[in-house]
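Per-entry structural report
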Amino acid sequence: MSINNNSDKGTRNLVIGMVAFIVLVGAIFSFISNKSSSTAKVPAAVSASDGYGIVLNANATPKIDIFIDYQCPICKNFEIINGGYISEIAANAKAKVVIHPMTFIGAESILAANAAACAADEGKFLDINIALFQNQSGTENSGLWTGDYMKRLGNSIGLKSKSFEKCVTDGTYVDWTKNVAKASADANVNSTPTVKINGKEIDRNTEYMDPVKFKAALAAAGVK
Amino acid sequence: MQSKFIKAQPWLTLLIRLGLGGVLVAAGYLKAIHPQKSAMAVRAYELLPISIANFFGYALPWFEIGVGALLILGVAVKISALLGGLTMIIFIVAIAQAWARGLSIDCGCFGGGGAIDPDQTKYLEEILRDFGFTLMALFLYRFPKGRFGLDK
């Protein structure tokens, strides 16, 4: 009777121990895989002090931060509505534009962000930005975006170099995407798109999807 | 009537253990595979400092999986029920304060989370659901011993 009780207790404690062990390992793994890496390779256009975002016109003012995920459908709408204007002010150095490609929707977001970073190295960031949103698959994590797809997409906007293809194949900037994610988390960005001017978010309800109000919000912050 | 309950209780405990345990494991798993989204969901409640919110976002799913697993296996049921019930109560308070403060968020209970359109919030539904889970946890706390449990 008492031997039975002891072995039951033993089994019970063993099970508790195993569950606790699995939970601990899982949690630790989760923390480690979401950490920033100070040794991550970052594209030349990226600045750690700007949340590891891709920076256009580093010395211009005001500063516009745009947080997106390439798989996010609302980001695609935002790009359709405001992308032209944003490209224009970036090209004319009317503001410092910092794009933060987040990757919380899934693995294909990481592929896209990596490809965008590779394109930034070759001076074609804004082009691939538009191309990615125009080629969203319609459902998130559908499997459409693969490494090969990214190479073909790059090709279609004039990126045919071996260095671009290697960058996509090697996933050179995948670690960088974790730095972007961590910085965005620390900046309390909870949905995409998120637009901040000089650190302050513009009005999500009125100023994001209305091109006139969006322009006005930027103008009010000093974009001529 | 009372003896009917006494006869049924071990099976009831098993059923509720599997139900509540299953929900916790599923909810935990859906969050654990998307840790960034999970952290986002916790931050959206605007209750905790950001670094602490992020910590909970990463850790909570595993806590749920652990408690859920213990309930399913029928080990340390009383304390797991207590932990599960307390967690549910904390969720209810968090959702209620988001509602009261006029935030527009998804609870993030089964993955997802973060800001949503104001006309898409489902606060009452989420609170009632979690209240149901609290009742299940209370039952298990009161009647932890049941069929196919490793607790003796």
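Residues numbered from 1 in each chain as written. Chains lettered and ligands numbered in written order. Predicted model: local features only at pLDDT ≥ 70, side-chain atom pairs only at ≥ 80, totals over all residues.

Below, the discussion takes up the overall build of chain A. Broken down by element type, chain A carries eight helices and six strands. In terms of C-alpha radius of gyration, chain A reaches 22 Å, well past the compact-globule figure of 17 Å for 224 residues. Reported as C-alpha extents along the three principal axes, the dimensions of chain A are approximately 85 × 40 × 35 Å. Nonlocal contacts in chain A, meaning residues at least 24 apart in sequence, comprise 79% of its contacts between residues at least 6 apart. (Helix = DSSP H or I, 4+ residues; strand = E, 2+ residues; numbered from the N terminus. Rg over C-alpha atoms; globule rule 2.2 N^0.38 Å. Contact = placed C-beta atoms within 7 Å.)

Once that is clear, we can look at the nonpolar core. If you look at the biggest cluster of nonpolar residues, it comprises 100 residues, and the most contacted ones within it are Val97(A), Ala115(A), Ala116(A), Ala119(A) and Leu20(B). When residues of this core are assigned to domains, at least three map to each of domain 1 (1–33) and domain 2 (46–220) of chain A. Excluding residues within four positions of it along the chain, Val97(A) makes contact with Leu56(A), Asn57(A), Ile64(A), Ile66(A), Ile86(A) and Ala90(A). (Core = buried A, V, L, I, M, F, W, Y, C linked by C-beta atoms within 7 Å. Buried ≥ 20, exposed ≤ 12 C-beta atoms within 10 Å, placed from the backbone. Domains from an automatic or database assignment.)

Let's shift gears to the environment of Thr194(A). Residue and element names in this part refer to chain A. Looking at the element boundaries, threonine 194 is found in strand S5 (residues 194–197). Exposure remark for threonine 194: the 23 C-beta atoms within 10 Å place this residue in the buried category. As a C-alpha pair, threonine 194 and arginine 204 span 10 residues in sequence and 7.9 Å in three-dimensional space.

For the rest of this paragraph, the subject is the confidence of the model for chain B. When pLDDT is averaged across chain B, the result is 93; 99% of the residues are at 70 or more. Reported confidence for the predicted complex is 0.82 by ipTM and 0.85 by pTM. (pLDDT = per-residue confidence, 0-100.)

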